[in-house]
Amino acid sequence: MDEIKNEENTAMDVEQVETEKVEETSVAADAAEATEEETLEKQLSDANVEIADLKDKNLRMMAEFDNFRRRTAKEKLDIQKNAGERIFIDMLSLIDDFERAEQAMRKTDDIDAVKQGVELIHKKFITFLQDNDVKEIATEGESFNTDLHDAITTLSAGEENKGKIIDCTQKGYTLGDKVIRFAKVVVGE
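Residues numbered from 1 in each chain as written. Predicted model: local features only at pLDDT ≥ 70, side-chain atom pairs only at ≥ 80, totals over all residues. Heavy atoms only, no water.

Colleague: How should the overall build of the protein be read in this particular structure?
Modeller: Tallying secondary structure elements over the protein gives two helices and six strands in all. Across the 189 residues in the protein, those meeting the buried criterion constitute 11%. Considering only residue pairs separated by 6 or more positions, the protein has 59% of its internal contacts joining residues 24 or more positions apart. In the form shown here, the protein has an accessible surface area of approximately 15700 Å², with 55% of it arising from carbon and sulfur atoms. (Helix = DSSP H or I, 4+ residues; strand = E, 2+ residues; numbered from the N terminus. Buried < 20%, exposed > 50% of the residue type's maximum accessible area, 1.4 Å probe, protein only. Contact = heavy atoms within 4.5 Å. Areas by Shrake-Rupley, 256 points an atom, 1.4 Å probe, with all protein chains shown as cover.)

Set out below in structure tokens:
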């Protein structure tokens, strides 16, 4: 009988050990789930912090770009305004020369002196244009070019002058590489 009780106690002990193992496994599984859940929550929290940081950086970059765009637009307007101002300041000396020439024409009878004065003003004005990158378009003896010349009429001028400029009625000018006034010319046909 003692043997049966021992066997029953042993069976109960085995059952109790198995129950404890199941409980330990269940507790370990719960702990693993809790650890995994905590890890996921930490990752989510870290991701939310990173998203907030990136949103802040994006907002700052957009504001910085907007400020840059406004600043460059203002600088561009200032440059255009000041470029025109510089040209007009440079032209004031030419106006002064014309006024002195006009006064001299009223006071003198010496036509040669007046001619020389006007020629000096003309040379000064041509120099002013060259200093500002304004150049005259060549016409004399040149082939007609629609990018530079405006044909106002054609004349029969023989085979050797066909397509060539015979006369220029109004000079043309370029500013840098841009034509600001086409030369008005007579073309041979």
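What follows picks up the thread again.
Colleague: Can you help me understand unusual backbone geometry in this one?
Modeller: Most peptide bonds take the trans configuration, and most residues that are not glycine carry a negative phi. The residue Asp133 is not glycine, and still its phi comes out positive at about 65 degrees. Looking at the secondary structure, you find Asp133 in the loop between helix H2 (111-131) and strand E1 (134-136). The exposure class assigned to Asp133 is partly exposed, which follows from its relative accessible area of 34%.

Colleague: Please explain a negative patch on the surface as it appears in this structure.
Modeller: Taken together, Glu33, Glu36, Glu37, Glu38 and Glu41 make up a surface patch of like negative charges. Mapped onto the secondary structure, Glu41 falls in helix H1 (residues 2-107). Using a relative accessible area of 49% as the deciding quantity, one classes Glu41 as partly exposed. (Patch = residues over 30% accessible without salt bridge, like charges linked within 9 Å, V, L, I, M, F, W, Y side chains within 5 Å. Salt bridge = Lys/Arg side-chain N within 4 Å of Asp/Glu carboxyl O. Lys, Arg positive; Asp, Glu negative; His and termini not counted. Charge placed at Lys NZ, Arg CZ, Asp CG, Glu CD.)

Colleague: Sorry if this is basic, but what is going on with the confidence of the model for the protein here?
Modeller: Reading fine detail from the predicted coordinates is not recommended where pLDDT is low. Looking at the protein, pLDDT values average 85 and 83% of them are 70 or higher. Looking over the protein, one finds the lowest element-wise mean pLDDT in H1, namely 81, and the highest in strand E5 (residues 178-181), namely 95. (pLDDT = per-residue confidence, 0-100.)

Colleague: Just to check I follow, could you spell out the sheet that holds E1 for this structure?
Modeller: The three strands lie next to each other as E1-E4-E5, forming an open sheet whose pairing is antiparallel. Either end of the sheet is taken by a strand with one partner, and the two such strands are E1 and E5. Taking the axes of each pair of neighbouring strands and ignoring which way they run, one obtains an average angle of 35 degrees across the sheet. (Pairing = 2+ DSSP bridges. Axes fitted to C-alpha atoms, helices over the stretch in contact; angles between N-to-C directions.)

Colleague: Is there a simple way to think about the environment of Ser156 in this case?
Modeller: Within the element layout of this structure, Ser156 appears in the loop between strand E2 (149-155) and strand E3 (165-170). Overall, the relative accessible area of 66% leaves Ser156 in the exposed class. When the C-alpha positions of Ser156 and Glu189 are compared, they lie 5.1 Å apart, and in sequence the two are 33 residues distant.

Colleague: Looking at this structure, how should I read the environment of Ser93?
Modeller: Within the secondary structure, Ser93 is located in helix H1. According to the relative accessible area criterion, Ser93 is partly exposed, its value standing at 29%. Between the C-alpha atom of Ser93 and that of Phe125, which follows or precedes it by 32 residues, the distance is 9.7 Å.

Colleague: Explanation requested: the pattern of salt bridges in the structure shown.
Modeller: A side chain with one charge may pair with a side chain of the opposite charge, provided their charged atoms come close. All chains considered together, the criterion is met by 13 salt bridges. Among the salt bridges present, the one from Arg106 reaches Glu102, with a minimum N-O distance of 3.4 Å. Of the two residues, Arg106 and Glu102 are both situated in helix H1; the distance of four residues between them amounts to about one turn of the helix. One connected set of salt bridges, linked through shared partners, spans Asp66, Arg69 and Arg70.

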